[in-house]
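Breakdown of the fold
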Amino acid sequence: MGWGDAEFPNVSLAARPDTCFGVVNLSSSLNETQKKAIASPWFSTAFGLIGLCSNLFALYVLLSSSRKLTSRSRSSFLVFLCGLVVTDFMGLLVTASVIIPYHFIKFNWAEVDPGCHLCNFLGFSMVFFGQCPLLLGATMAGERFFGINHPFSRSTSISKRRAWSIVGMVWGFSCLLGLLPVLGLGRYTLQYPGSWCFLTLLPDTGNAIFCLLFALLGIFSVVLSFIFNTVSVVTLCRVYHDRESVQRRRDSEVEMMVQLVGIMIIATICWMPLLIFIIQTILQQLPAGERARTLPTETQKLLLIYIRMVTWNQILDPWVYILFRRAVLQRVHPGLRARPSLLSLYPVLNPSLRRKLAQEARLQ
């Protein structure tokens with residue numbers, strides 16, 4: 001999602017604050033060199049193709065791996081990863097299908113979309129495909145947290161069907177969130193430099209509530225992922241350094257946690273600047289209230305930069321799984337080998353197993 005590179009629509013649209021075209025000041029004149037620096041259709045096309053190919057490759061590797069698995073915990077984790085990759089792929093595909101043709105055709109937004117339906121669709125896509133990866137990251141972190149820290153509290157691991165149901169719930173929730181401006185809470189508007197639509201960073205009640213809801217929900221997802229992943233990593237490190245269980249670890253848990261931490265780091269770097277910027281902009285403009293009709297030029301340009309950063313999240317996510325698979329990690333660290341189940345990491349919770357291990361330790 002998020003491309004933000006194109007030339008400017010008809011500047012008369014700036015005089016229509018009641019539509020999706022009137023929030024951003026597009027009347028600033030730029031020379032041809034400046035326009036080319038902002039509007040780079042070939043760069044955007046190559047950028048999109050790299051992202052689409054990366055996600056397709058990751059999806060192929062995921063599907064190949066899932067056929068060879070017998071572990072239900074690993075299988076459910078791959079379902080969540082598959083949902084993430086599909087979301088990133090569709091996000092790039094949907095936004096590219098609108099924005100890249102605009103780069104080459106240079107259509108007039110007011111003539112092609114006088115009712116703002118295309119702008120609403122693009123804005124919805126930006127919110128939906130932006131919020132989904134953050135929520136899926138938090139969901140995966142939560143699933144691994146309970147799987148690692150409370151392995152005996154669940155009678156069975158999450159099945160594939162249930163995992164897909166959870167992914168569907170995340171998609172459904174993100175869809176409802178994206179539809180809020182269409183239903184009347186806030187609105188989607190054309191953004192600088194005139195090639196994409198997104199939520200409106202103005203302090204009127206509807207826009208302020210929707211912007212804060214979007215940003216706070218995203219920050220909450222990132223923070224929740226950080227907490228879950230930190231506790232899970234600490235637990236794994238503590239158990240792996242237990243003298244009785246150091247030879248009984250299972251590398252698949254390490255593999256999943258490495259991938260989760262990678263996804264979390266990428267999401268934090270790509271998303272947090274935008275989410276914090278949205279909150280900061282809304283709070284700074286609150287004193288202006290309903291009087292604010294357009295965004296300052298500097299705010300428009302910063303929003304474009306942060307959206308470009310967010311786009312990298314969809315391109316880098318698939319490479320986390322591609323590069324941090326056990327097969328790749330074993331080439332870097334040959335000592336990684338398949339070991340027994342995670343249940344053996346918790347002899348303290350199984351008295352008979354603990355006695356057996358203690359006897360073996362004394363014999364040694």
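Residues numbered from 1 in each chain as written. Predicted model: local features only at pLDDT ≥ 70, side-chain atom pairs only at ≥ 80, totals over all residues. Heavy atoms only, no water.

Take the state of the cysteines next. The final tally for this structure, using the stated rule, is one disulfide. A sulfur-sulfur distance of 2.0 Å marks the disulfide that ties C119 to C197. Residues C119 and C197 are joined by a disulfide whose S-S torsion is about -115 degrees; by sign, that bridge is left-handed. Note that C119 is positioned in helix 5 (residues 117–149) and C197 in strand 2 (residues 196–199), a separation of 78 residues in sequence. According to the relative accessible area criterion, C119 is buried, its value standing at 0%. Overall, the relative accessible area of 0% leaves C197 in the buried class. (Disulfide = S-S within 2.5 Å. Helix = DSSP H or I, 4+ residues; strand = E, 2+ residues; numbered from the N terminus. Buried < 20%, exposed > 50% of the residue type's maximum accessible area, 1.4 Å probe, protein only.)

Where helix 2 (residues 41–67) contacts helix 9 (residues 297–323), the axes come no closer than 9 Å and their chain directions differ by 30 degrees. With respect to their mutual orientation, helix 2 and helix 9 come out roughly parallel. When you trace helix 2 past helix 9, the crossing you get is left-handed. Contact residues: helix 2 offers F47, I50, G51, S54, N55, F57, A58, V61, L62 and S65, while helix 9 offers T311, W312, Q314, I315, P318, W319, Y321 and I322. Classifying every residue of the contact of helix 2 with helix 9 gives twelve nonpolar, six polar and no charged. (Axes fitted to C-alpha atoms, helices over the stretch in contact; angles between N-to-C directions. Parallel < 35°, antiparallel > 145°, perpendicular 65-115°, else oblique. Left-handed = near helix turned anticlockwise from the far one by under 90°. Contact = heavy atoms within 4.5 Å. Nonpolar A, V, L, I, M, F, W, Y, C, P; charged D, E, K, R; others polar.)

Once that is clear, we can look at the confidence of the model for the protein. Residue-level pLDDT values for the protein average 78, and 71% of them are 70 or greater. The least confident element of the protein, judged by mean pLDDT, is helix 11 (residues 351–363) at 46; the most confident is helix 6 (residues 160–183) at 94. Considering only residues more than four positions removed or in separate chains, one finds that residues 4–11, a stretch of pLDDT under 50, has 39 contacts. Every residue in residues 28–32 scores below 50 in pLDDT, and together they form four contacts with partners more than four places removed in sequence or on other chains. (pLDDT = per-residue confidence, 0-100.)

As judged from the four bridges shared by strand 1 (residues 188–191) and strand 2, these two strands associate in the antiparallel manner. Residue pairing in the sheet places Y188 in a bridge with L199 of strand 2. Remark: four residues form the turn of the hairpin made by strand 1 and strand 2, two consecutive strands paired antiparallel; G194 in that turn has positive phi of roughly 105 degrees. (Pairing = 2+ DSSP bridges.)

With that settled, the discussion passes to empty space enclosed by the protein. Tallying each qualifying case throughout the model produces one cavity of 30 Å³ or more. The computed volume of the largest cavity comes to approximately 90 Å³. Those elements giving two or more residues to the lining of the largest cavity turn out to be helix 5, helix 7 (205–240) and helix 8 (251–285). Residue contributions to the lining of the largest cavity peak at five residues, all from helix 5. Considered class by class, the residues forming the lining of the largest cavity number nine nonpolar, four polar and no charged. (1 Å grid on protein atoms, 1.4 Å probe; cavity = no way out; pocket = protein on both sides within 12 Å on 5 of 7 lines; lining within 4 Å. Points joined across faces, edges and corners; volume = space filled by probe spheres on them.)

Another point: helix 6. Counted at 1.5 Å a residue, the expected span for helix 6 with its 24 residues is 34 Å, and the 34 Å between its end C-alpha atoms agrees. Residues A163, V167, V170, S174, L177, G178 and P181 constitute the buried set of helix 6. Just downstream of helix 6 lies G184, where phi reads positive at about 120 degrees. (Expected span 1.5 Å × (residues − 1).)

We now examine the nonpolar core. In terms of nonpolar packing, the biggest core is built from 79 residues, with L81, W109, W196, F198, F214 and I278 touching the most fellow members. Looking at this core element by element, the count peaks at 15 residues for helix 8. (Core = buried A, V, L, I, M, F, W, Y, C linked by side-chain atoms within 4.5 Å.)

The sites that UniProt annotates as "transmembrane region" (unreviewed entry) are residues 42–63, 75–101, 121–142, 163–186, 206–239, 260–283 and 303–324. In residues 42–63, the share of helix is 100% and the share of strand is 0%. The end C-alpha atoms are 31 Å apart. Between the end C-alpha atoms of residues 303–324 the distance is 32 Å, and the span holds 95% helix and 0% strand. (UniProt positions renumbered as here; feature names shortened; annotations may be inferred.)

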